[in-house]
Amino acid sequence: MARPLINVPAKVKRGQVFEIKTLISHIMETGFRFTTTGDKIPRDIVTTFSCSYNGEEIFRADLYPAISANPFFTFFTVATESGTLDFKWVGDNGFSETASAKIVVE
Amino acid sequence: MSWRTPRVPPIVSRVTTIACLLFAIASSVHGSDIPLDQRRSGYLDLGHDSKAMQDDDTINPATLWVQDGETLWNQKTGAASRACADCHQDATVSMKGVAARYPAFSVARNGPINLEQRINLCRSEHQQAPPLAYESRELLALSAYVGLQSRGMAIAPPDDSRLVPFVEAGRKLFNRRIGQIDMSCAQCHDDNWGKKLAGSLIPQAQPTGYPVYRLEWQSLGSLQRRLRNCMSGLRAEAYEYGAPENVNLELFLMWRARGLQVETPAVRP
Amino acid sequence: MGETRPGATRRAVMLGGLAGSLAATIRLEPALATPERMRAAIRNVVGEASIRKGRVDLEVPPLVENGNTVSLAVSVDSPMTATDYVKAIHVFNEKNPQPNVISVHLGPRAGRAKFSTRFRLADSQIVTAIAEMSDGTFWSASADVIVTLAACVEDI
């Protein structure tokens, strides 16, 4: 239900290295938990997160159950030209979520 | 070994019984309240990273719920096809200070209700919509969004004489020993705050930031959920969501925290 | 208790053997010893290459109040140019049910080889980050984290 929370600076200078923050809603069920009746709770995690800058991948992470619920990432990239940052989360049970943010480079 | 109890003159035993009863009442009613100027929020005991998580809305997972709350606030719902915004307009204006003075007295219920119950009352009375389940994503989102509008303000329980007996009922619950562990809330949170319980710091239990993103839950949750956790911790049967005992406890806790700043939505371990 | 000559010899052999097997089980472990599984997971990624200590800065709180959400930041000393950059950063743990935490893939466009996230630690343990460089070398850093458990939880 919740939209991914993306945070990038409004404007950056060409060549500047800037930080991108991302946060989405996801239970990240490890697959190692049991109910009180002894049934295993099946794994349900985000397995890959990637970010593209004007179509070129600039960051990719392979995730494991050790990543906390509501996966949070910050990372950096060099400001080349204005355009769009595209984010994609893919996971178990056909999970797929995308988001994008505009970046203005002067 | 003889199990025969020593014989005590009847007058002494009666006086002793009354004295014990009085002592029990005195200690159960007053406990040892934390002096007003020594009260502190659990925020101050957080680790550096958890504080940072709470301080920055762009990295606080609770923001995901707040966003949802804002969406729901503006969404028409129920048979009346009405949104919260249709009556209350801009929440940043109309909801300012509201969460800080809940639980409040409800004439409809003839007793105190908490914010979640108020939201559900609005839904049934004004939106003709079914109530949202306790701890549901939607109800938490709305109470987080409304609660956020009180952030930075002082907790201000209403000066309402109708609430007095319910505050007292809450205080009695706070001081009552429960569960297999046979301890009361007061014994940890009034008498031993600041000390350690199995490696964790015992807070004063001031509910300044509810609904809270609790790291243990990896989710946002209400004060009632936390109270139920406390009771499970004492190996007692927890009161059901919405039970009068829970609401009275909430009411007492907010009275006990009066003047402290609202931090909703906070982060806690 | 009396002993016959053959018994003494057999006893000496037995004791010697026992001491030997005890010596085998009681390994004198260095302070940062890593259990087999984490080592295997690391080998899976690194292969036979040697892993050097340094250039990697692993930021994780020494004492966490809840193992469900532990802040992690890894940064690697690298110019991040087209010819000299960090290709990947892999994070491992010792005592979780699984040894991997995350694998991050970077390139010269990153500008700075640094990322942060939040992860889970099942128990007090050692966390290791390994950086894979564009020149094929591997560098690592480790941190020892103490995890305290929450008081007063609920049943699932």
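What counts as what
Each residue is numbered by its place in its chain's sequence as written, counting from 1. All chains are assigned letters beginning at A, and all ligands numbers beginning at 1, according to the order in which they are written. Since the coordinates come from a predicted model, pLDDT governs what is reported: local features require at least 70, and pairs of side-chain atoms require 80 or more to be given and counted, while whole-chain, interface and lining totals use all residues. Runs of E in the DSSP output that reach at least two residues are strands. Runs of H or I that reach at least four are helices, and both are numbered from the N terminus. Partly exposed residues are those whose C-beta has more than 12 but fewer than 20 other C-beta atoms within 10 Å; with 20 or more the residue is buried, with 12 or fewer it is exposed, and the C-beta atoms are placed from the backbone. Once C-beta atoms have been placed from the backbone, residue pairs whose C-beta atoms lie within 7 Å are recorded as contacts. Side-chain classes are defined by residue name, with Ala, Val, Leu, Ile, Met, Phe, Trp, Tyr, Cys and Pro counting as nonpolar, Asp, Glu, Lys and Arg as charged, and the others, Gly among them, as polar. By this definition, two strands are paired if DSSP reports at least two bridges between them. Helix span, as expected, comes to 1.5 Å for every residue beyond the first. Boundaries of every domain are those given by an automatic assignment or by a domain database.

A. Layout of the overall build of chain C. Check the secondary structure of chain C and you find 2 helices and 9 strands. Expressed as a percentage of the 156 residues in chain C, the buried residues total 35%. Taking the intrachain contacts of chain C between residues at least 6 apart in sequence as the baseline, contacts between residues at least 24 apart amount to 65%.

B. Molecular detail of the overall build of chain B. Across its full length, chain B carries 11 helices and 7 strands. Taking all 269 residues of chain B together, the buried fraction comes to 40%. In chain B, 72% of the contacts between residues at least 6 apart in sequence involve partners at least 24 apart.

C. Looking closely at the interface of chain C and chain A. In this assembly, 26 residues from chain C lie in contact with 24 residues from chain A. For the side of chain C that touches chain A, the secondary-structure elements that each account for two or more residues are strand 6 (100-105) and strand 7 (114-119) of chain C. Its residues placed into classes, the side of chain C that touches chain A shows 9 nonpolar, 11 polar and 6 charged. With 3 bridges connecting them, strand 6 (residues 72-78) of chain A and strand 7 of chain C associate as antiparallel partners. Looking at the pairing, Phe75 of chain A lines up with Phe115 of chain C of strand 7 of chain C.

D. Structural view of helix 7 (residues 137-148) of chain B. Residues and elements named next belong to chain B. Taking 1.5 Å per residue, 12 residues should reach 16 Å; helix 7 reaches 16 Å between its end C-alpha atoms and fits that length. The element helix 7 is extensively covered by neighbouring structure, given that 10 of its 12 residues are classed as buried. Regarding helix 7, the residues found buried are Leu139, Leu140, Ala141, Leu142, Ser143, Ala144, Tyr145, Val146, Gly147 and Leu148. In the core, the buried residues of helix 7 are packed alongside helix 3 (62-73), helix 5 (91-94), helix 6 (115-126) and strand 6 (219-221).

E. How the structure looks around the sheet that holds strand 6 of chain B. Taken together, 3 strands build an open sheet; the order of strands is 6-5-7 (chain B) and the sheet is mixed. In this open sheet, the two strands that pair with only one neighbour each are strand 6 and strand 7 (267-268) of chain B.

F. Seen up close, the interface of chain C and chain B. If you look at the interface, chain C gives 15 residues, while chain B gives 17 residues. Considered class by class, the residues forming the side of chain C that touches chain B number 7 nonpolar, 5 polar and 3 charged.

G. Seen up close, the domain arrangement of chain B. Residues and elements named next belong to chain B. Looking at chain B, the domain boundaries give domain 1 (34-55 + 158-268) and domain 2 (62-148). Here domain 1 and domain 2 have C-alpha centroids that lie 22 Å from each other. Every contact between the two is made by 24 residues of domain 1 and, on the other side, 22 residues of domain 2. Those elements that place two or more of their residues in the side of domain 1 that touches domain 2 are strand 6, helix 10 (223-233) and helix 11 (244-256). No other element matches the 6 residues that helix 11 contributes to the side of domain 1 that touches domain 2.

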